[in-house]
Amino acid sequence: MSQAERWVHAFAHAMAAHLLYGRGHQARRESGTRLYAALGELLRGDLRPTFTFLDDTVIYRSLPLHGPREWTWGRRLGAAGIRRVEFTAHATQDAMEDFLLTLHQRLSGAESPAPLPRWPGIEAGDVSVDAEPRGTRLTEEVVPNVVLE
């Protein structure tokens, strides 16, 4: 399992723990700590890890991850307006906890789809795809431009 796949696994576990357990629960705290540790490992080899969630597919940088097959969190995150997450070394444990809390609120319907706040070292948002005009055939040489909104 790659470092990126480990982070995605820890991310799914942390989101599930936040949805299942109340604030202050040990499982919730531990999952956030594991997620932050997985990010630290990832940052050792990548200064700006970037994940895009398109339905059941997780894309790390520009390549799909094959480990998390049929990753159902992608659809849920997309419905909450979060299809892309980027990190820098400035991310902190507190920022990660605040990020998870915001995701919990959006996924549980407790927060309106207002613009996402900013966290130190963490950027999240939706994406748009610049598609070719109708009638133009997309080839392997043409790559859509994905923009973080």
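What you see is a predicted model; the values in this text were computed from it and never measured. (Residues numbered from 1 in each chain as written. Predicted model: local features only at pLDDT ≥ 70, side-chain atom pairs only at ≥ 80, totals over all residues. Heavy atoms only, no water.)

Asker: Explanation requested: the overall build of the protein in the structure shown.
Answerer: When you go through the protein residue by residue, the secondary structure sums to four helices and seven strands. When the elements of the protein are put in sequence order from the N terminus, they spell out α-α-β-β-β-α-β-α-β-β-β. The buried share of the protein, reckoned over its 149 residues, is 41%. Within the protein, counting contacts between residues at least 6 apart in sequence, those at least 24 apart form 63% of the total. (Helix = DSSP H or I, 4+ residues; strand = E, 2+ residues; numbered from the N terminus. Buried < 20%, exposed > 50% of the residue type's maximum accessible area, 1.4 Å probe, protein only. Contact = heavy atoms within 4.5 Å.)

Asker: Just to check I follow, could you spell out the pattern of salt bridges for this structure?
Answerer: It is possible for side chains bearing opposite charge to pair when their charged atoms get close. In the structure shown here, the tally under the stated rule is nine salt bridges. One salt bridge connects arginine 75 with aspartate 55, and the closest N-O pair in it is separated by 3.5 Å. In this pair, arginine 75 is assigned in helix 3 (residues 73-79) and aspartate 55 in the loop between strand 1 (50-54) and strand 2 (57-60), connecting sequence segments 20 residues apart. On the basis of relative accessibility, which here comes to 46%, the residue arginine 75 falls in the partly exposed class. A salt bridge links arginine 75 to aspartate 56; the nearest nitrogen and oxygen atoms lie 3.2 Å apart. Of the two residues, arginine 75 sits in helix 3 while aspartate 56 sits in the loop between strand 1 and strand 2, which places them 19 residues apart along the sequence. Residues participating in the shared-partner salt-bridge network are Arg48, Arg84, Glu86, Arg118 and Glu123. (Salt bridge = Lys/Arg side-chain N within 4 Å of Asp/Glu carboxyl O.)

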